[in-house]
Amino acid sequence: MTKPSSCPLALLALAAYLVLTLGMTYPLVLNLTTAIPGDGFDGWQNYWNLWWMKRALVDLGQNPYFTTYLDYPAGVSLHFHTLNPFNGLWSLPVQLASGLILAYNAVVLFSFAVGGLGAFLLARYVLRRAIATAWPAWVAGLVYTFSPFHFAHLLGHMQVFSLEWLPFYMLFLLKTVEDASQRRWRATNPVMMGLALVLVGLCDWYYVMYLLLFTVLYLLYTLATR
């Protein structure tokens, strides 16, 4: 049995996915501070989302889930708006240091690279007993992060585009279930599974629903096969 991928191997995979992202999204790499990818429609809404997170948290010091900048003067709740606050929060230092356009493009590069890494780690774990080499897992990461679905939502649907945390949830779900089946208890795996689900929810609630459905089906399958 081979061991799961080491940290250096994971970092190498992450770097490779980032380099490929720069190539696959060309000429974005030449316009990181001057343009955003998209079709000129929904991308600007998510551009506003990133701006609003900074405006609310840094400039106004208020709850970002309510704004008077829409439907003025009464304002409107943003709880059912596609705010994807995770992207606004983690890219906030980029926005403060280098501007909003670069922050938006940093989210794009992050999603591709980290999404590939997550799929790589998930495939590496699933295939660990069958295949010693990491190449199949690396290809799995390619297929996942550079899928037509991912590129289609690059047009401006940032909340749907941010699918990088899904494979991490699945990975720690599998590890948690395996620990339980072998009568072991490791707090790290369920904690990481919960954290991954929170990160998914901070990007898009649809994905939370899909993952919960996946969890139920996977648990039913596990019970049936045992």
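The present account deals with the structure reproduced in this document. All figures in this text were calculated on a predicted structure; none of them were measured in a lab.

### Observations concerning the overall build of the chain
In step 1: Counting secondary structure elements, the chain contains eleven helices and two strands.
In step 2: Each helix (α) and strand (β) of the chain, taken in turn from the N terminus, gives the series α-α-β-β-α-α-α-α-α-α-α-α-α.
In step 3: Here the C-alpha radius of gyration of the chain, 19 Å, is about what a compact globule of 226 residues would show, namely 17 Å.
In step 4: Along the first, second and third principal axes, the C-alpha set of the chain runs to 60 × 40 × 25 Å.
In step 5: When each of the 226 residues of the chain is scored for burial, the buried share is 43%.
In step 6: Sequence separation of at least 24 residues holds for 69% of the intrachain contacts in the chain that already meet a minimum separation of 6.
In step 7: Carbon and sulfur atoms make up 72% of the accessible area of the chain, which totals about 12,000 Å².
In step 8: Both charge centroids of the chain, one from 11 positive and one from 8 negative side chains, sit 22 Å from each other.

### Things to note about the layout of surface pockets
In step 1: Taken as a whole, the largest pocket encloses approximately 250 Å³ of empty space.
In step 2: In this structure, the largest pocket is lined by 16 residues; those nearest its centre are His79, His81, Thr82, Leu83 and Trp205.
In step 3: A breakdown of the residues in the lining of the largest pocket according to their chemical character gives nine nonpolar, six polar and one charged.

### As for the packing of helix α9 (residues 166–181) against helix α11 (residues 205–225)
In step 1: Their axes nearest at 11 Å, the elements α9 and α11 cross at an angle of 25°. In this view, α9 runs roughly parallel relative to α11, as classed from their interaxial angle. In this structure, α9 crosses over α11, and the sense of that crossing is right-handed. Each of Leu166, Tyr169, Met170, Leu173, Leu174 and Val177 in α9 lies in contact with α11, whose residues at this interface are Tyr207, Leu211, Phe214, Thr215, Tyr218, Leu219 and Thr222.
In step 2: By residue class, the composition of the contact of α9 with α11 is eleven nonpolar, two polar and no charged.

### Section: helix α10 (residues 188–201)
In step 1: The end-to-end C-alpha distance of α10, which contains 14 residues, comes to 20 Å, matching closely the 20 Å that a straight helix rising 1.5 Å per residue would cover.
In step 2: Among all positions of α10, only Asn189, Met193, Ala196, Leu199, Val200 and Gly201 are buried.
In step 3: Elements in contact with the buried residues of α10: α3 (85–90), α9 and α11.

### Some details on the pattern of salt bridges
In step 1: In total, this model carries four salt bridges according to the counting rule given.
In step 2: The residue lysine 54 makes a salt bridge to aspartate 59 at a minimum N-O spacing of 3.2 Å.
In step 3: Among the residues examined, aspartate 59 registers a relative accessible area of 39% and is labelled partly exposed.
In step 4: The salt bridge involving glutamate 178 is made with arginine 128; its shortest N-O contact spans 2.6 Å. On the criterion of sequence distance, the pair formed by glutamate 178 in helix α9 and arginine 128 in the loop between α5 (100–126) and α6 (135–145) is long-range, its members being 50 residues apart.
In step 5: Overall, glutamate 178 belongs to the buried group, its relative accessible area being 17%.
In step 6: It is possible to trace a salt-bridge network through shared partners that takes in Lys54, Arg55 and Asp59.

### Things to note about the packing of aromatic side chains
In step 1: The tally for this structure, following the rule as stated, stands at 19 aromatic pairs.
In step 2: Taking the centre distance of 6.1 Å and the plane angle of 45° together, the rings of tryptophan 48 and tryptophan 51 count as tilted. Here tryptophan 48 pairs with tryptophan 51, and both are found in helix α2 (residues 42–60), just three residues apart, close to one helical turn.
In step 3: Here the guanidinium or amino end of arginine 128 rests over the ring plane of tyrosine 125, the centre of that ring lying 3.9 Å away.

### Side note on unusual backbone geometry
Most peptide bonds take the trans form, and the phi angle of most residues other than glycine is negative.
In step 1: Omega for the bond connecting tyrosine 26 with proline 27 falls within 30 degrees of zero, at 15°, which places this linkage in the cis form.
In step 2: Structurally, proline 27 can be placed in the loop between α1 (7–24) and α2.
In step 3: Proline 73 follows tyrosine 72 through a cis peptide bond whose omega is 5°.
In step 4: Within the fold, proline 73 resides in the loop between β1 (66–67) and β2 (76–77).
In step 5: Unusually for a residue other than glycine, aspartate 71 sits at a positive phi of about 50°.

Cut-offs and rules
Residues numbered from 1 in each chain as written. Predicted model: local features only at pLDDT ≥ 70, side-chain atom pairs only at ≥ 80, totals over all residues. Heavy atoms only, no water. Helix = DSSP H or I, 4+ residues; strand = E, 2+ residues; numbered from the N terminus. Rg over C-alpha atoms; globule rule 2.2 N^0.38 Å. Buried < 20%, exposed > 50% of the residue type's maximum accessible area, 1.4 Å probe, protein only. Contact = heavy atoms within 4.5 Å. Areas by Shrake-Rupley, 256 points an atom, 1.4 Å probe, with all protein chains shown as cover. Lys, Arg positive; Asp, Glu negative; His and termini not counted. Charge placed at Lys NZ, Arg CZ, Asp CG, Glu CD. 1 Å grid on protein atoms, 1.4 Å probe; cavity = no way out; pocket = protein on both sides within 12 Å on 5 of 7 lines; lining within 4 Å. Points joined across faces, edges and corners; volume = space filled by probe spheres on them. Nonpolar A, V, L, I, M, F, W, Y, C, P; charged D, E, K, R; others polar. Axes fitted to C-alpha atoms, helices over the stretch in contact; angles between N-to-C directions. Parallel < 35°, antiparallel > 145°, perpendicular 65-115°, else oblique. Left-handed = near helix turned anticlockwise from the far one by under 90°. Expected span 1.5 Å × (residues − 1). Salt bridge = Lys/Arg side-chain N within 4 Å of Asp/Glu carboxyl O. Phe/Tyr/Trp six-rings, centres within 6.5 Å; stacked < 30°, edge-to-face > 60°. Lys NZ or Arg CZ within 6 Å of the ring centre and 35° of its normal.

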